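Chain residues, written in single-letter form:
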Amino acid sequence: MTGSCRCGQVEFEVAAAPLMTMACHCRGCQKMTGSAYSLSAAIPSEGFRVTRGEPVIGALHGPTRHFYCGHCKSWLFTRPEGMDFFVNVRPTMLAEAVWTEPFIETFTAEKLSWASTPARHSFEHYPAPEMYQPLIAEFAEHIALRQADEAPATGR
């Protein structure tokens, strides 16, 4: 699957399904998106690569790195501090509108009062580190069941 910034100067490829999808309601994401929350698909690091252009670091320039197109300023992906096994890709940057429904939502303590998502799990901040593996396993099961429900029925 491919994706790009709005102007097309930065392109990327996703060659793995997400470990999980999420919405973040923190004030930082609200400011970076100009919206109520950001959407992310946590792609295994080995399943993500930039194929064209050179993304630049934007937003905060700390240990968590947010990558943008240097020309149109589209927020493309984030490499979270201490979580090198995945890249948070903005699923709205993909050529196909997939992986946009959040499985979890984070920073609900900073959520706008009217904002809601269909997320199955909500956290006031981030989930505790020991919760990530069970959440990833539950997400995989959720996706497998959804795909089985959407598969065409075969007759004999």
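Data block above holds the structure.
Rules behind the numbers
- Residues numbered from 1 in each chain as written.
- Predicted model: local features only at pLDDT ≥ 70, side-chain atom pairs only at ≥ 80, totals over all residues.
- Heavy atoms only, no water.
- 1 Å grid on protein atoms, 1.4 Å probe; cavity = no way out; pocket = protein on both sides within 12 Å on 5 of 7 lines; lining within 4 Å.
- Points joined across faces, edges and corners; volume = space filled by probe spheres on them.
- Helix = DSSP H or I, 4+ residues; strand = E, 2+ residues; numbered from the N terminus.
- Pairing = 2+ DSSP bridges.
- Axes fitted to C-alpha atoms, helices over the stretch in contact; angles between N-to-C directions.

Student: Mind showing me how you'd approach empty space enclosed by the protein here?
Tutor: On inspection of all chains with the given rule, the structure shows 1 cavity of 30 Å³ or more. Looking at the largest cavity, its volume works out to about 40 Å³. Surrounding the largest cavity, L19, M20, M22, A42, F85, F86, Y132 and I136 form its lining. Secondary-structure elements contributing two or more residues to the lining of the largest cavity are β3 (20-24) and α2 (132-150).

Student: I'm lost on the sheet that holds strand β5 (residues 48-52) in this one. Help?
Tutor: Backbone-to-backbone hydrogen bonds pair the strands of a sheet. The strands run either parallel or antiparallel. The sheet built from 3 strands is open, its strands ordered β1-β2-β5 with antiparallel pairing. Among the strands making up the open sheet, the edge pair consists of β1 (2-4) and β5. Sheet twist, expressed as the average angle between the axes of neighbouring strands with direction ignored, equals 30°. As paired elements, β1 and strand β2 (residues 11-14) share 3 bridges and run antiparallel to each other.

Student: Mind showing me how you'd approach unusual backbone geometry here?
Tutor: Residues other than glycine predominantly adopt negative phi, and peptide bonds predominantly adopt the trans conformation. Of note, the phi angle at A59 is positive, near 60°, even though the residue is not glycine. Positionally, A59 belongs in strand β6 (residues 56-61). Of note in the backbone geometry, F107 takes a positive phi value of approximately 55° without being a glycine. Tracing the backbone through its elements, the reader meets F107 in the loop between β10 (104-106) and β11 (121-122).

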